[in-house]
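Overview (structure and organization)
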Amino acid sequence: MNIGETLDEIKSKIQKDPKLRQEFLHTRQQPDPLKAFCVKCRQMGYDLYEMDLIDAGEEFYAAIKRSTNGGGENSPVLKGEDDFYEMFFADLEM
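Below: a short report on this structure. These figures come from a predicted structure and were not determined experimentally.

Let's talk about the environment of Ile3
Mapped onto the secondary structure, Ile3 falls in helix H1 (residues 3-16). The class of Ile3 is buried, set by a relative accessible area of 17%. Measuring from C-alpha to C-alpha, the distance between Ile3 and Asp55 comes to 9.6 Å, with 52 residues separating the pair along the chain. In this view, Ile3 contacts Leu48, Asp52, Leu53, Ala56 and Phe84; residues no more than four positions away in its chain are not counted.

The structure is reproduced here in structure tokens:
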């Protein structure tokens, strides 16, 4: 399962469990929120680490850039599209 699918599965579980949703939202208030988030994911049985999230976002963004105008300097800037962590919480908070 790739990172996007993993995060979608976690979001699906969170939507069904308000307590779990609050636990994930609480990770944002920790001194190292990304680490706390990943620890919570691992507690749920998902083998997810900080670099997994960062790398997945960068790979996703690079693939989009390559597919747009050959990936040159004229490619659109996709603000935030490379940050799966932030996109996860943007969806969760809606």
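Examining the environment of Phe37
Within the fold, Phe37 resides in helix H3 (residues 33-43). A relative accessible area of 0% means that Phe37 is categorised as buried. The sequence separation of Phe37 and Leu48 amounts to eleven residues, and the corresponding C-alpha distance is 9.2 Å. In contact with Phe37, other than residues within four places in its own chain, are Leu7, Phe24, Thr27, Leu48, Leu53, Tyr85, Phe88 and Phe89.

Quick look at the nonpolar core
Counting 19 residues, the largest nonpolar core has Leu7, Phe24, Phe37, Leu48, Leu53 and Phe88 as the members making the most contacts within it. Secondary-structure elements contributing two or more residues to this core are H1, helix H2 (18-27), H3, helix H4 (50-67) and helix H5 (84-93). For this core, the element with the most residues is H5, which contributes five residues. Residues contacting Leu48, with those up to four places away along its chain left out, are Ile3, Leu7, Phe37, Cys38, Cys41, Arg42 and Leu53.

Focus: the packing of H1 against H5
Across the interface, H1 lies against H5 with an axial gap of 11 Å and an inter-helix angle of 25 degrees. One way to sum up the angle between H1 and H5 is to call them roughly parallel. Where H1 crosses over H5, the handedness of that crossing is right-handed. Each of Ile3, Gly4, Leu7, Ile10, Lys11 and Ile14 in H1 lies in contact with H5, whose residues at this interface are Phe84, Phe88, Asp91 and Leu92. Residues that form the contact of H1 with H5 fall into these classes: seven nonpolar, one polar and two charged.

Some words on the environment of Leu34
Mapped onto the secondary structure, Leu34 falls in helix H3. With 17 residues separating them along the chain, Leu34 and Met51 place their C-alpha atoms 9.8 Å apart. Contacts of Leu34, omitting those with residues within four sequence positions, involve Glu50, Leu53, Ile54 and Tyr85.

What counts and what doesn't
- Sequence order as written defines the numbering, with residues in each chain counted from 1.
- Where local features are concerned, this predicted model is filtered to residues with pLDDT of at least 70; where side-chain atom pairs are given and counted, the filter is 80 or more; whole-chain, interface and lining totals use all residues.
- Each side-chain value is derived from all of the structure's non-hydrogen atoms; neither hydrogens nor water enter the calculation.
- The way it works is that DSSP assigns letters per residue, a run of H or I at least four long becomes a helix, a run of E at least two long becomes a strand, and they are numbered from the N terminus.
- Under the scheme applied here, a residue whose accessible area is under 20% of the maximum for its type counts as buried, over 50% as exposed, and between as partly exposed, the area being computed with a 1.4 Å probe on protein chains only.
- Here a residue-residue contact requires only that any non-hydrogen atoms of the pair lie within 4.5 Å.
- Working definition of a nonpolar core: buried Ala, Val, Leu, Ile, Met, Phe, Trp, Tyr and Cys residues. They are joined through side-chain atoms within 4.5 Å.
- For helices, the fitted line uses only the C-alpha atoms of the stretch in contact; every axis is such a line through C-alpha atoms, and the angle between N-to-C directions lies from 0 to 180 degrees.
- Any angle from 65 to 115 degrees is called roughly perpendicular, while one under 35 is roughly parallel, one over 145 is roughly antiparallel, and all others are oblique.
- Left-handed describes a crossing in which the near helix is turned anticlockwise from the far one by less than a right angle; the clockwise case is right-handed.
- Three classes are used: nonpolar for Ala, Val, Leu, Ile, Met, Phe, Trp, Tyr, Cys and Pro, charged for Asp, Glu, Lys and Arg, and polar for all others, with Gly counted as polar.

Bear in mind that shape data such as this cannot, by itself, settle questions of function.
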